[in-house]
Structures are given as C-alpha cells and as structure tokens.
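Observations on the model geometry
Residue strings, one per chain:
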Amino acid sequence: MAETLVLIELDRQQVKRPSLHAITLARQLGGAYALLILGHGLDEVAASLISYGASAVIVADDSALAEPLADRYAAVIAEAIRQQGAKTLLGSSSTFSKDILPRVAALLDAPMLTDVLALEKSDGATTYRRPTNAGSMLATVQLEGDRRVLTARATAFEAPAADAAPCAIQQLKFDAGGLPNGMQFISREERVSDRPDLTEARVVVSGGRPLKDSEHFERLVGGLADALGGAVGATRAAVDAGMAPNDYQVGQTGKVVAPELYIAIGISGAIQHLAGIKDSRIIVAINKDPDAPIFEMATYGLVGDLHQIVPQLIESIRKG
Amino acid sequence: MVAPMTALDVNSTTREVFGNIAPWMQVVFFVMIAASLAVLAWQVLAHFWQWRQGRPGGFEKDWRVWLERLTVYGLAQKRVHKKSLGALLHLLLFSGFLVLTIGTTLLGIAQDGPYYFHHGWYYLLYELTMDVFGVAFCLGCLLAMYRRAFARKPSLGHNWRDWWLLSSLLALGITGFAVEALRLHYTQVQPWLAHWSTVGWLIDSTMLRGIDLGTAKTMHLVTWWLHTILVAGFLASIPVNRFLHVITGPINIAARPQRPMGQLVPLTMEEVEQSGRTGVHELADFKQQQLLSLDACMECGRCEDACPATATGKPLSPKAVVVDLRRLMSLGGGDVHQTIRDETLWACTMCQACVQECPVLIGHVDLISDMRRDLIGEGKLSGPPAKALQQIGNQFNPYGRANADRLAWAEGLDVPTVETNPNFEYLFWVGCAASFDPRAQKVARATARLFMQAGVNFAVLGKEETCTGDPARRIGDEFLFQERAQTNIETLGRRQVKKIVTPCPHCHNTLKNEYPQFGGQYEVQHHSTLLAELLNSGRLSNELGETDPITLHDPCYLARVNGEVDATRAVIGAARNEQFREMPRCGKKTFCCGAGGGRMWFDEPPSERVSNLRAQEAIATGARTLATACPFCLNMMSDGIAGTPGGEQVRVLDIAEVLLDRQTSARPK
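Residues numbered from 1 in each chain as written. Chains lettered and ligands numbered in written order. Predicted model: local features only at pLDDT ≥ 70, side-chain atom pairs only at ≥ 80, totals over all residues.

Each helix and strand counted, chain A has 9 helices and 15 strands in total. Projecting the C-alpha coordinates of chain A onto the three principal axes gives extents of approximately 70 × 45 × 40 Å. Taking as baseline every contact in chain A between residues at least 6 positions apart, the subset at least 24 positions apart corresponds to 63%. (Helix = DSSP H or I, 4+ residues; strand = E, 2+ residues; numbered from the N terminus. Contact = placed C-beta atoms within 7 Å.)

Next up, the structure:
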C-alpha cells in the first residue's frame, strides 16, 4: 500500500533520468510512495530502482506492454492505483505523460494537473504551483476530490539520491489478455543524428523554401552544418513542404535559437522566423533577392544563387 | 361583355366578407384567431424572459436610430439584397407576407370598425394588390422549395420543419385564392368587377365552370375553414420555426447598439469586481441585447459563407456560434465553454465579414470577443499568441524587441521626430510592424520618403511610441489594451498631437475608433488617404508610367471596417490604369488575409491558411503586383503568394512602395 505512485519512464529497458525527479515531489508530498514501471523484460531496470526510498517497486511486465501504447498503459496504471489504493499518481512533464496520463485521469475520474513546479502545504490543504499564460504567470491551484494525477517539471525538482535501504519488487497482477487493443504498434523511427541539439548549438544552419526538396535540403543545409559542426534548422515553409522534419522548425512557432553563428540559406526573413533568431550573435544570410528583408537583420549578406554558393562554401570549409 | 362603368357603379362596388359564414362560425373564427395569437404572444414572452437573464442593457436608446434602421434594414431589407435566388425569394415572401398581413388587417378594421371604407376604387385596387402580392408570396414559396430541393446550400441548413413551414405557407396562399374564386363564383360577380380579383377570376373562369351555386357555396365554406385553420396554426407555430425572425429580427435591428464596426465594448474594473469575471463565462454574462440577438437569427448562413475561418476548415462558423448559444439559452443557460470550444473562439480573425453580412445585425464578433476575454481571464491561452501578449506588456510591442530600437527603420533617412520638429502637423504613427518587421520597415521608409518629397510637415514619436494595444484587445486581453491606450493617450496629449497618419489599418482603427472611449480624440488618417490627397493636390507626381498588371488586396480594417476603398485605389492609379484588375472579393466585401484577431501569432497547418486561398484569388487575376495597405496583410500575402503555384512571378507591395516606385521611375534619368 502506498499513498503515492510515481510513474518512472523507460526507453526500452532504460530509465529516463528526468522522470526520476518526480520522486523528489513524492517525498515533499509525504507519506509512503511506490515506483511503477511498465514494459517487457524489466528485471534489471526494477533492480536499479530499489534504493530510492520507495515502499516498493511495482512492475507491470508483459509482452503486451513492450511499446508505450496509451490505451493499454492507461488501463494498467489505473489498475495499479486501484490495487495500491493510492491517492496520487505522479509522472513527469513529457510527451509520454501527455499521451497517457489524461486517459488515466479519465479512467479514475480524477482531476489532473500538469507541469507542477512546487507545492505548498498549509492548514492541512495542499496547493500546487504551475505556469500559465505561456509561462508568464504562475497559478496556485487546489485540487478537489481524494484522488489526483500530477506531472512534475523535471527542472523544478532535484534528482533524488539513491541511498535508501533496498525495497521489495512486486509484480503487478493484471489481465494482459483483457487490455484494450485499439492501438497497434507498427514501427519506430528514430533520427540518429550526431549533430548538436538545435537550441544548444553554437552554429545553426537553416534553410527555407528555395531548397526545393528534402534531398537538396539535406545536401546543402545539412552539408554546411556538418562542415561547421552545427545544428540544422528550417523555416515553417520548408517544414510545410516536407523538406525538413517538424522539430527543425525555427521561429515564432518552433524553436527559439541564440547561436553564435546563424546561417540563413534561402530565407526571406518573415518576422515569424526572425522571432526565433533575433538573439543570435552573427547572422549570415544567403539569398538571391537583394531586397529580401533578412538582409536588414543580417550581419553579413550574400546575394546569389544558393545552389552555387553553398556547395562552394562547404568545399572551401572542408579544405580549410 | 363589359358593362360601361359610371362613377356611381364604382362607388357602390364592394364585396361580402362573412357572407357565407354563419354568425356562430364567425364567433368560432374570432376565438380561434385570438387563441392562436395568445399562444404566439405567450411563446414570445417566454423568449423575452430568456433574454432577461442577461446583464441589463446593451440596447440602443435613440428612437431616431431605431426608425432609421427599421426603414433601411427592415422595410428596405438592405442587407438581404444581392444577386441570388435566396434574395429574390425573400423579397417575394417578405413583400407578399407584409402586404397580405396588412390587407387582411385592413379588411378586419373595415368590417368591424365604425366607418366602412371597403368599397369603390379603394376596394378595386385592394383586390388587385392583394392578388398581385398573393402571387408573389406563392412564387416565393415555390422558389424556396426549389432551392431546398435542388440548390441545397449547405450553410443554410435543412430540416423537416423548413418543409413544414414552406408547405403551410404555400397552402395558405393557394387556399386564399381558392376562397376568392369560390366567392366570385357563388356570388356571381359581374365580370368587369371580377377582373380586379384577377387570380380568383382566372380560377373561376377555368376550373370552376359548370359547378352549381349550392356546391360552390359548400366548397367555399370548407375551403374558408381550411384557410382559417391554417392561419391560426401558422400564427401559433411562428416561434418554433425560422419565421420567428419576423418578430425578433426587427427588434434586434432596432435594439442593436450604434457604434463603429471596429469598436469593441470596453470592460471596466467595476464590472469585473462586481461579477468576478472578465468577459462571458456563463450565458447570463452576455448583455440582454446580445441574448435577444441570438433569437433574431433565422439561420440563413450568409455569415458562414463570408467567414474566412469556415472557408479554411477551421472549427468556426459564426452561424453555429449563434445557433449553439441559442440552444444553450433555450436549455436555461450555463457555461458557454461547454457549448463553444476554445479552438472555435480562437479561430476568428475578427475580419467582421459575418457582421457585415448579417441581415438582422447580429454582432458575432462581440459575442466571440466577450467569450475570448473570459478565456484570457482563465489563463487558457498559451504558445506564441500568449507570448505576444506578454511582450506587449513587457516590451510594449508584440515582437519582443527593445522599444528603444523603434527608429531602426529610419536609419539614414533623417526622419523628423517630435524632438527635432515639435511643430509638426501630422504625427506619423509607424506601428510595431513597420518599426520592427524588416519587410514592413521598407513600407515605413517608402511612406516617410513620400511625405518628405511632398513636403509634409510630420514627425515620429520614436521610442515614445508603443503598441496601440489592438492585438491585445482582439485576442481578449482588455486590460492590457487599456494599459497601452492610457500610456499612448498620455504621450499623444503631452506632444499635443491633433492629426495622426499611420500605414497600419489596425493602429488606424484603434486610434480612431477606440481611443475616444478613453478620452483620446484625434483626426486619424491611414497613409492611403493622405497620399491620395498629396497626389490630388499635385504635391506628388501622378505620372503613371508603364506598369505591370496590378491588383489590390483591401485590408479588412481599412475597407470593410472603416469604409476606405477609394484612396488605396487612387494611390496606385487604379482608375487610369488599364492594367489594374479587381479580385472577385474586393472593396468593402474584401476577404481576410488571415492575420486579424491575433491570428498573426497562431500557428496553422497550410490547408487552414486563409492567405493561401486569397493568394490563389490574386494570382488568378493575372496580376504581377499584388498591392496592399497593411503590414499584416503584407506579411500574410507574401507568404501565401510564395507558397502558391504561379506566385513566383508576383510581387507583394504596399501601396506606398508602388507609388514611390512610380515617383522614381517617372523622374528623368
């Protein structure tokens, strides 16, 4: 029996470290807490989690849970809460949680609060703090009812120490055959990239609509980025046209970058894109239209055909 | 054989009214009609009580405005007229229904009043008029049926009650004529007299030939009762079908508050303290007039046809907003957000096309704005638009740029400021877009250069200028808007500003229509009107030179909302330019670019971008230059044109840039 269940995220038998930070919030909440992991072939992972001061590590291990499909994961998590009689389910703020925990909250008919940053207790009542209005304000929220689903922002809570006496590992009993099967796992696609993260890179090379297709984009924008050891970005138009994946998008919607060097290839410079690069130290623009607005913003501008200039640039950098 | 008419003959002509109806039947008739009118009144009263749950007021109080609007939008049906089957059939039904109702009422007055005037020339003309409009009425019904059966316009909506209504209206018309024909037949009216009741006479002389008088009399009695029962049933059922708008429509037309289209209603701190809310959360938070307006809707769908959000598949139809709120009202009210999704409210560009179309003057944008305010109050906005609001609050511009950089656009231009030229005539209000968006900065430069060329005595505020607050107000952050308005009004007062000129239609609208709500009164001009004046007075060269094919995208907040469509055309020399082409949707009936109502800061998948639709329309004109007169339209249309096949050849320019090009090319080299 535990007051709180902390859902620990896995990436194929590996613990996702940020999800451990929710344990710190569980400790602040007080009362006994258990850790919950779902997946397949979890003996080793479970053993690595026994020293976090939990009352138990609860393991839902079944081939049906090998991939994180929201409908069956939600059913199993809800079942674990019922069996444990837990009042609080804690996850961390992540796409995994966004996908699965609202379903759990619905199954339990419990309120859900995302992105918890801190909690306060006074007169026996617990209030939570979370960001609102795009992070410009903090809301202080009180929840009704005796059960709740929370997600914690990993950055708001420290990583917990793993120095407690080992606890037991319990296998969760559930009917694997009766799980919902509305979703089927088809395949997993990952981009293996040794390029630096877009938001942290010192050099970012971005491309726009004139790159025409994903092949040109990868060869020219990706090629220049690799030559400079930089990350790759794209405009909304390039993403819309399917030249670059969604998470490359830089701008008002998309990522905000502030590298030391930003190279804009075939980017006209709409204000929506500039919103994402305005804090870059040096902006270099390559565009065939001398009137392109990007030149107003650029430190250095190069007027010409990117299909000629960029290969030359790549070659001379590689030689140099 | 037509007997010669004498004055005496004509004067004595009249007809029987209840000739065939026994006195006890007449009593039943009056009781029936009174009962159905009572049922009608009772139901309308029930609606009245529903309106009363709203916050008091919101009504126009000036009776002269009522009269004017009832004449223009009620009797003259200004908003209904257009070239469409729907408009034609409405004209027939409206005029038919109006004349027949008045005629029948007059007959009742003549019959039971102290003075019997139903004879002579009046009577003859009465019969003819009633027949003509009876035919119009029946024709209207038939056309409406045709439209429902074959030209099924989706935005109109279709259900069985519409067929029930149209059938009973048509049956009313047909039985009316049948009663007339049978009366002519059994009273054996002389042909010259019968001719005045043309339709009845035609039926009598073709279909009723050879029927004996007794049979005709019985048939008359049966048909008369059928007609009467239909009338009574129809009257009682008005409130449960589309016909309710004949009552609620005129009330809303008269009652809707009179204010400029581009002006939203201010929210006061007192109101918020009283209600604990910013905006509308419960249905009862709407003003009574707004609730009344919901009942005025007859679901014609014109708003939906004009809506850019509907056209791009966003989850918003202005009609559905009204109909959904009305359903909520009929269920006793409650949380509006249970009925109207947040995405629906955010989808609105506030282009006012729906408001402009609505024949009964419903204020869709006000409804949406009130509900948006509540969403903002509840912290329901996130992402880029929320960030834009935050930046208006912190940096005084939605782009989050340092306000000290406001004059970056003017580098090297030697633009006069309020410091260097304190005795300016015009304050050049640049606006955030033209100050910070590098594309729009070129517009500010072009405008300033034209002003300098023409010798306009102007100045800019520089870093003293801040966002007017327009995006904040449209998105629903009323107090952020008011904060900006107060600061700017103070600044403009301190600098003793009387005339303002701006290249941004949104700044223009807010400065002109909304700042007076907070005590800021200025003479505000869009740069198009000042440039047109300068051309007119010869202070700028009006040489046209050779131009490419050119078209104009009218900004909503300039053309539709503030009625300015001539100056923009004058600036690009449209009237004298054979190469000028209008888009199908132009002038006050322009189509949004997609940036209004704060949508500039929302992300949309390409299929939902209004600018792409509009770009196709512009490219189809064959124009090589798409001129516009708004920095947001410029941004949106540039993107739309660049992403649309055929757009590679088209330049998107502000009218000031088009004009400046002409000035430089016209000058001898």
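A count of helical and extended segments in chain B gives 29 helices and 8 strands. Across its three principal directions, the C-alpha atoms of chain B cover 100 × 60 × 45 Å. Taken across its 669 residues, chain B has 47% of its residues classed as buried. Taking all contacts inside chain B whose residues are at least 6 apart in sequence as the whole, residues at least 24 apart take part in 81%. (Buried ≥ 20, exposed ≤ 12 C-beta atoms within 10 Å, placed from the backbone.)

With that settled, the discussion passes to the nonpolar core. With 181 residues, the main nonpolar core has Val221, Ala264 and Ile265 of chain A together with Phe428, Met637 and Leu659 of chain B as its most contacted residues. Here the element with the most residues in this core is helix H21 (residues 438-454) of chain B; it accounts for 7 residues. Among all residues touching Ala264 of chain A, those that are not within four sequence positions of it are Ser206, Ile283, Val284, Ala285, Ile286 and Ile294 of chain A. Of all hydrophobic cores here, the second largest spans 49 residues; its members include Ile8, Ala60, Ile81 and Val116 of chain A. (Core = buried A, V, L, I, M, F, W, Y, C linked by C-beta atoms within 7 Å.)

Right, let's talk about the interface of chain B and chain A for a bit. Each partner contributes residues to the interface: chain B has 20 residues there, and chain A has 18 residues. Breaking the side of chain B that touches chain A down by element, the ones donating at least two residues are helix H19 (384-395), H21 and helix H28 (631-642) of chain B. Looking at the side of chain B that touches chain A residue by residue, the class counts come to 8 nonpolar, 7 polar and 5 charged. (Nonpolar A, V, L, I, M, F, W, Y, C, P; charged D, E, K, R; others polar.)

A word on the environment of Glu9 of chain A. Mapping Glu9 of chain A onto the fold places it in the loop between strand E1 (4-7) and helix H1 (22-29). The sequence separation of Glu9 of chain A and Ser63 of chain A amounts to 54 residues, and the corresponding C-alpha distance is 17 Å.

This next bit is on the domain arrangement of chain B. Residues and elements named next belong to chain B. For chain B, the assigned domains are domain 1 (10-252), domain 2 (271-377), domain 3 (398-535) and domain 4 (542-666). A C-alpha centroid distance of 34 Å is found between domain 1 and domain 2. Facing the 25 residues of domain 1 at the interface are 27 residues of domain 2. Of all the elements in the fold, those that place two or more residues in the side of domain 1 that touches domain 2 are helix H2 (23-52) and helix H10 (245-255). Here the side of domain 1 that touches domain 2 is built from residues that sort into 8 nonpolar, 12 polar and 5 charged. (Domains from an automatic or database assignment.)

Attention now moves to the sheet that holds strand E13 (residues 261-265) of chain A. Residues and elements named next belong to chain A. One open sheet accounts for 5 strands, arranged E12-E11-E13-E14-E15; its pairing is parallel. Two strands lie at the open edges of the sheet, namely strand E12 (231-234) and strand E15 (300-303), each paired on one side alone. Taken pair by pair, the neighbouring strands of this sheet meet at an average axis angle of 15°, ignoring direction. Pairing of strand E14 (residues 282-287) with E15 involves 4 bridges; the strand directions are parallel. Pairing of Ile286 across the sheet is with Leu302, part of E15. Of the strands in this sheet, strand E11 (203-207), E12 and E13 touch helix H5 (residues 214-228), which is tilted by about 170° from E11. Together, E13, E14 and E15 form the strand contacts of helix H9 (residues 306-319), whose direction differs from that of E14 by roughly 130°. (Pairing = 2+ DSSP bridges. Axes fitted to C-alpha atoms, helices over the stretch in contact; angles between N-to-C directions.)

What follows deals with the environment of Gln258 of chain B. All names here are of chain B. Structurally, the position occupied by Gln258 is in the loop between H10 and helix H11 (269-275). Separated by 164 residues in the primary sequence, Gln258 and Pro422 have C-alpha atoms spaced 37 Å apart. If sequence neighbours within four positions are ignored, Gln258 has contacts with Glu60 and Val65.

By the assigned domains, chain A splits into domain 1 (4-178) and domain 2 (203-319). Summarising the inter-unit geometry, the C-alpha centres of domain 1 of chain A and domain 2 of chain A are found 41 Å apart.

In a pair of packed helices, the angle between the axes and the distance between the axes together describe the arrangement. Residues and elements named next belong to chain B. At a minimum axis separation of 9 Å, helix H12 (residues 288-296) and helix H15 (residues 318-330) run at an interaxial angle of 110°. The orientation of H12 with respect to H15, classified from their angle, is roughly perpendicular. Residues Leu291, Leu294 and Asp295 of H12 form the contact with H15, whose participating residues are Val322, Leu325, Arg326 and Met329. Its residues assigned to classes, the contact of H12 with H15 comprises 5 nonpolar, no polar and 2 charged. (Parallel < 35°, antiparallel > 145°, perpendicular 65-115°, else oblique.)

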